[in-house]
Structures are given as C-alpha cells and as structure tokens.
Amino acid sequence: QVQVVESGGGLVQPGGSLRLSCAVSGSIGKIMAIRWYRQAPGKEREWVATTTTDNTTNYEDSVKARCIASIDNAKRMLYLQMHSLKPEDPAVYFCDCAIYIAGTTYDSWGQGTQVTVSS
C-alpha cells in the first residue's frame, strides 16, 4: 500500500520561503507525476502545480514565478519550493502522487501540510 507523508509547512513571514516535501513509501512503482493543490479556509481546493518525470511542469498563474515543483525518484521524494510568499498563499497544501505499477497509474494523496504567512 502506497503511503505519502507530507512535511515542511509552517509559519513564515511575507516574502519568506518554504520547501514542502512528500515522502513516498510502500511501493516500488515509478513516480510519474506530482500535482500540488491547496485549500484555504472557506474555499475550494485549487490546483497549484504539476510536474512529471519527463520534465513537463505547469504552474497556476499566481505562483508561476515563485514556485518550483520537483521529483526525486531515487529518494522517493517530491518537493514544492516556494519563494516570496504572500498573504494570499496561506492554505493547507496537498500533494497528489501518480505512481505507475504493473501497467496502471495510481493516485495517492498526502495528508496535507499547513502554510501560514504572517508578520
């Protein structure tokens, strides 16, 4: 059974940086893609970024110049590096990992990690 455990959230001042991580365990399948989402209180979950192992990456417009999503298949780690955090960025951030196992791609979600931006 695949497990995805998130970490790296926390409190940061406006303009600060954070690196969110997702550790994948319990599977020998290949990580094909990672999608990051966020959900602020009272709002719907929104897509933030997608990156694939063939180096295709897309970002939501409001984070495009401030985020880097990456995959380290050897370490089974997924990352979202965020810079220049703004007051509109606070949310619970989730990773959705696509893993290819025996001809099928499975989606596994992390539990979420809270990002707070405040001075």
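Residues numbered from 1 in each chain as written. Predicted model: local features only at pLDDT ≥ 70, side-chain atom pairs only at ≥ 80, totals over all residues. Heavy atoms only, no water.

S.K.: Could you give me a rundown of the overall build of the protein chain, with the residues and numbers involved?
M.R.: Along the protein chain, the regular secondary structure elements total zero helices and 11 strands. Starting at the N terminus and walking to the C terminus, you meet the elements of the protein chain as β-β-β-β-β-β-β-β-β-β-β. For the protein chain, whose C-alpha radius of gyration is 14 Å, the value lies close to the compact-globule estimate of 14 Å for 119 residues. Principal-axis analysis of the C-alpha atoms gives the protein chain an extent of 45 × 25 × 25 Å. (Helix = DSSP H or I, 4+ residues; strand = E, 2+ residues; numbered from the N terminus. Rg over C-alpha atoms; globule rule 2.2 N^0.38 Å.)

S.K.: Explain the sheet that holds strand 7 (residues 67-72) residue by residue, including any values.
M.R.: What holds strands together in a sheet is hydrogen bonding between their backbones, with the strands either parallel or antiparallel. Spatial strand order, 1-3-8-7: four strands in an open sheet with antiparallel pairing. Lying at the two open borders of the sheet, with one neighbouring strand each, are strand 1 (3-7) and strand 7. Neighbour-to-neighbour, the strand axes of the sheet open up by a mean angle of 15°, direction not taken into account. The sheet contact formed by strand 7 and strand 8 (residues 77-82) spans six bridges and is antiparallel. Counterpart to Ile-71 in the pairing with strand 8 is Leu-78. (Pairing = 2+ DSSP bridges. Axes fitted to C-alpha atoms, helices over the stretch in contact; angles between N-to-C directions.)

S.K.: Tell me about the pairing of strand 1, and please be specific about residues and values.
M.R.: Consecutive side chains of a regular strand alternate in pointing toward one face of the sheet and then the other. Only one face of strand 1 is covered, namely the one carrying Val-4 and Glu-6; the face carrying Gln-3, Val-5 and Ser-7 has none of its residues buried. Bridge count between strand 1 and strand 3 (residues 18-25): five bridges; the pairing is antiparallel. Bridge pairing in strand 3 links Ser-7 to Ser-21. (Buried < 20%, exposed > 50% of the residue type's maximum accessible area, 1.4 Å probe, protein only.)

S.K.: So, the environment of Val-2: which residues are in play, and what are the values?
M.R.: Tracing the chain through its elements places Val-2 in the segment before strand 1. The contacts of Val-2, once residues within four sequence positions are left out, are Val-24, Ser-25, Gly-26, Ser-27, Ile-99, Ile-101 and Ser-108. (Contact = heavy atoms within 4.5 Å.)

S.K.: So what's going on with the packing of aromatic side chains? Residues and values would help.
M.R.: This model, assessed by the stated rule, comprises one aromatic pair. Measuring from centroid to centroid gives 5.2 Å for Tyr-37 and Trp-109, while their planes differ by 35°, and the two rings are tilted. Of the two residues, Tyr-37 sits in strand 4 (residues 30-39) while Trp-109 sits in strand 10 (residues 104-109), which places them 72 residues apart along the sequence. Looking at Tyr-37, the relative accessible area reads 18%, which means it is buried. (Phe/Tyr/Trp six-rings, centres within 6.5 Å; stacked < 30°, edge-to-face > 60°.)

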